[in-house]
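Tertiary structure, described
As a plain string of letters, each chain reads:
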Amino acid sequence: MHDQFDVTLEDVDLLGEVELTTNLIIAASEADEHLSSEEIDEILGVEPQPPEPRREA
């Protein structure tokens, strides 16, 4: 009889998200203070966006 709960799942995007979350948890647990937004962005691989030019009204 086939077990409907015996499935193999492999989702590349999900695995990537789990890795990022794990890296963030490890970094947070090793930090003495709260992580800054910049530190979190670096851990997650977020590239800083240059500020948009201000528009004159």
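Turning our eyes to something else, we now look at the overall build of the protein chain. Check the secondary structure of the protein chain and you find 2 helices and 0 strands. The C-alpha radius of gyration computed for the protein chain amounts to 19 Å, which surpasses the reference 10 Å derived for 57 residues by more than 25%, pointing to a less compact arrangement than a globule. Seen along its three principal axes, the alpha-carbon backbone of the protein chain occupies a region of about 70 × 40 × 15 Å. Accessible surface computed for the protein chain: about 6,100 Å², of which carbon and sulfur atoms make up 53%.

Within the fold, Val12 resides in helix H1 (residues 12-30). Residue class for Val12 comes out exposed when judged on its relative accessible area of 62%. Note: C-alpha distance between Val12 and Asn23 (11 residues apart in sequence) is 17 Å.

Topologically, Glu42 is positioned in helix H2 (residues 37-44). For the pair Glu42 and Glu10, spaced 32 residues apart in sequence, the C-alpha separation works out to 27 Å.

There is a patch of like negative charges on the surface, built from Glu10, Asp11, Asp13 and Glu17. Within the secondary structure layout, Glu17 lies in helix H1.

Cut-offs applied
Residues numbered from 1 in each chain as written. Predicted model: local features only at pLDDT ≥ 70, side-chain atom pairs only at ≥ 80, totals over all residues. Heavy atoms only, no water. Helix = DSSP H or I, 4+ residues; strand = E, 2+ residues; numbered from the N terminus. Rg over C-alpha atoms; globule rule 2.2 N^0.38 Å. Areas by Shrake-Rupley, 256 points an atom, 1.4 Å probe, with all protein chains shown as cover. Buried < 20%, exposed > 50% of the residue type's maximum accessible area, 1.4 Å probe, protein only. Patch = residues over 30% accessible without salt bridge, like charges linked within 9 Å, V, L, I, M, F, W, Y side chains within 5 Å. Salt bridge = Lys/Arg side-chain N within 4 Å of Asp/Glu carboxyl O. Lys, Arg positive; Asp, Glu negative; His and termini not counted. Charge placed at Lys NZ, Arg CZ, Asp CG, Glu CD.

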